[in-house]
Amino acid sequence: MVSYIIIIIGLGLAPIAISSAGLSGGQGWEVPLVATITFATVVGVSLLGKGFFKIVPFLIAVIVGYTFASIFGLVDFDSFSNYTFVQAPNFTFIGTYALNWSAVLMFLPIAFVTIAEHIGDHTVLGEICEEDFLTDPGLDKTLLGDGIATAISGMLGGPANTTYGENTGVVAMTGIKTAWVTGMAAVFAILLGFITPVQALMADIPWAVLGGMTIVLYGLIAGNGVKVLVKSKVDLGNMRNLIIVATMLVIGLGGAFIQINDAVGLTGMSFAAIVGIVLNLILPNEA
């Protein structure tokens, strides 16, 4: 069932990539052109690149896409004016604010969403790295890591920290699987967060450039889900399995939504995951 969730993650993100790339209409010719150039750069470097260049196709694609976006007037350079070179982020330390337990309970159901994506992403990473991360280091430890990271980030006024499907696509494309490289990348990302021009540069990357890259990334996520499905030899000739996958795909990709409270609802992947679990428990196995 995890493979179905992985496919839903990738395909569920597809409309975002298409919209960002200007392929949904109404954005002129510049946006699709820049997205196409960025996409071609990712593909070309990934297939033809040698040595160092082969492991950084997305970085090269950002540079190339950003350059063409600037030429076509898609970059707003106003954010580069009136800045200091080094500037600390606006931290909000615990103790300087009052905890709102109503808000905590309101957002609690979101944990089900991140848990579902966490399992799916770690299954994909396991396939890519030829490891079983759900066993070693274990799902309990990886989920605990997500929870601790999110709690610390929240105490500093930052966003939730969890697995992201985009990163599994990067690992698949670059072939870099060591945690040490990922850790060093995190350190560099933190340090770069204090350099204002870099912040402005990242914030000003046009959606056309991101769209060109994410067409590849999101497709890789869905493709890896299919890979897991094939490798696990799921019998789709079995009507029970076919009903589960069909229901999950329609709910996950069809925009199904159930309101839980005033601010939170089950939608997309999380809704599909819960439905899949329920169906897997109640549907009888064929003799």
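Residues numbered from 1 in each chain as written. Predicted model: local features only at pLDDT ≥ 70, side-chain atom pairs only at ≥ 80, totals over all residues. Heavy atoms only, no water.

## Digging into the overall build of the chain
Counted only if it meets this: Starting at the N terminus, helices and strands are each numbered in turn, a helix being any DSSP run of H or I of at least four residues and a strand any DSSP run of E of at least two. Between the two quantities, the radius of gyration covers C-alpha atoms and the globule rule is 2.2 Å times the number of residues to the power 0.38. We call two residues in contact when some of their heavy atoms are within 4.5 Å. Using a 1.4 Å probe, the Shrake-Rupley method yields the accessible areas, and only the shown protein chains count as cover for residues. Under the convention used here, Asp and Glu are negative, Lys and Arg are positive, and both His and the chain ends fall outside the count. A single reference atom marks each charge: NZ on Lys, CZ on Arg, CG on Asp, CD on Glu.
Helix and strand content of the chain: 12 helices and 2 strands. The N-to-C order of helical and strand elements in the chain reads α-α-α-α-α-α-α-α-α-α-α-β-β-α. Expected size for 287 residues packed as a compact globule is a radius of gyration near 19 Å; at 21 Å, the chain falls within 12% of this value. Dimensions of the chain, computed from the C-alpha atoms along their principal axes, are close to 70 × 50 × 40 Å. The long-range fraction of contacts in the chain, counting pairs at least 24 apart against all pairs at least 6 apart in sequence, stands at 75%. Entry remark: accessible area of the chain is about 16500 Å², with carbon and sulfur atoms responsible for 71%. Between the averaged position of the 8 positive side-chain charges in the chain and that of its 17 negative side-chain charges there is a distance of 15 Å.

## Some thoughts on the packing of aromatic side chains
The relative placement of two aromatic rings is captured by the distance of their centres and the angle of their planes. Our working rule: Centres within 6.5 Å are what make two rings of Phe, Tyr or Trp a pair, Trp counting through its six-membered ring; a difference in plane orientation under 30 degrees is then read as stacked, over 60 as edge-to-face, and the rest as tilted.
Under the definition given, this model contains 1 aromatic pair. Taking the centre distance of 5.4 Å and the plane angle of 75 degrees together, the rings of W29 and F72 count as edge-to-face. Of this pair, W29 sits in the loop between helix 1 (2-20) and helix 2 (30-48) while F72 sits in the loop between helix 3 (57-71) and helix 4 (101-107); the two residues are 43 residues apart in sequence, bridging distant segments of the chain.

## Some points on the side chain of S153
Checked against the element boundaries, S153 lands in helix 6 (residues 134-155). When near neighbours in sequence (up to four residues on either side) are disregarded, S153 contacts G158, P159 and N161.

## Some words on a nonpolar patch on the surface
The condition that has to hold: Grouping into patches uses exposed residues only, defined as over 30% relative accessible area, and leaves out salt-bridged ones; the cut-off is 9 Å for like charges and 5 Å for nonpolar side chains (Val, Leu, Ile, Met, Phe, Trp, Tyr). By convention in these notes, a salt bridge is any Lys or Arg side-chain nitrogen within 4 Å of a carboxyl oxygen on Asp or Glu. Burial here depends on accessible area, computed with a 1.4 Å probe over protein chains only, as a share of the maximum for the residue type. Under 20% is buried, over 50% is exposed, and the range in between is partly exposed.
Where nonpolar side chains cluster on the molecular surface, the patch consists of F91, F93, I94, Y97, L99, W101, V104, L144, I148, I152, M155 and L156 and spans about 1200 Å² of accessible area. Here I148 shows up in helix 6. Owing to a relative accessible area of 45%, I148 belongs among the partly exposed residues under this scheme.

## Examining the environment of G276
Secondary-structure assignment places G276 in helix 12 (residues 268-282). Spatially, the C-alpha atoms of G276 and K141 are 24 Å apart, while their sequence positions differ by 135 residues.

## Looking at the confidence of the model for the chain
Where the model shows low pLDDT, its predicted coordinates should not be examined in detail. The following threshold applies: Confidence scores here are pLDDT values: one per residue, from the predictor, ranging 0 to 100.
Mean pLDDT over the chain: 81, with 91% of residues reaching 70 or higher. The lowest-confidence element of the chain is strand 2 (residues 265-267), averaging 71 in pLDDT; the highest-confidence one is helix 2, averaging 91.

## Observations concerning helix 10 (residues 207-231)
Heads up, the condition is: The span expected for a helix works out to 1.5 Å for each residue beyond the first. Note that the bend at a residue is defined as the angle between axes fitted to the seven residues ending at it and the seven residues starting at it.
Counted at 1.5 Å a residue, the expected span for helix 10 with its 25 residues is 36 Å, and the 35 Å between its end C-alpha atoms agrees. Taken as a whole, helix 10 carries its principal kink of about 35 degrees at T214. Just past helix 10, the residue K233 takes up positive phi, approximately 55 degrees.

## Regarding the environment of V75
Turning to its location among the elements, V75 is positioned in the loop between helix 3 and helix 4. Considering only alpha carbons, one finds V75 and D204, 129 residues apart in sequence, at a separation of 6.4 Å.

## Remarks on unusual backbone geometry
A cis amide bond links D136 to the next residue, P137, at an omega of 15 degrees. As for its placement among the helices and strands, P137 is situated in helix 6. Not every positive phi belongs to a glycine, and E130 is a case in point at roughly 55 degrees. Here E130 lies in the loop between helix 5 (110-129) and helix 6. Assessed through its relative accessible area of 68%, E130 is described here as exposed.

## Digging into the packing of helix 3 against helix 10
The test is simple: Each axis is a line fitted through C-alpha atoms, and for a helix only the stretch in contact is used; angles between axes span 0 to 180 degrees, taken between their N-to-C directions. Reported orientations rely on four angle classes, namely roughly parallel under 35 degrees, roughly antiparallel over 145, roughly perpendicular from 65 to 115, and oblique for the rest. Working rule for handedness: look at the near helix, and if it is turned counterclockwise from the far one by less than a right angle, call the crossing left-handed; if clockwise, right-handed. Residue polarity follows a fixed list, in which Ala, Val, Leu, Ile, Met, Phe, Trp, Tyr, Cys and Pro are nonpolar, Asp, Glu, Lys and Arg are charged, and the others, Gly among them, are polar.
Where helix 3 contacts helix 10, the two axes come as close as 9 Å, and the packing angle between them is 150 degrees. As summarised for this structure, helix 3 and helix 10 are arranged roughly antiparallel, according to the angle between their axes. As helix 3 packs across helix 10, the resulting crossing turns out to be right-handed. For the pair helix 3 and helix 10, the contacting residues are F58, A61, V62, G65, Y66 and A69 in the first and V209, M213 and L217 in the second. Classifying every residue of the contact of helix 3 with helix 10 by side-chain character gives 8 nonpolar, 1 polar and no charged.

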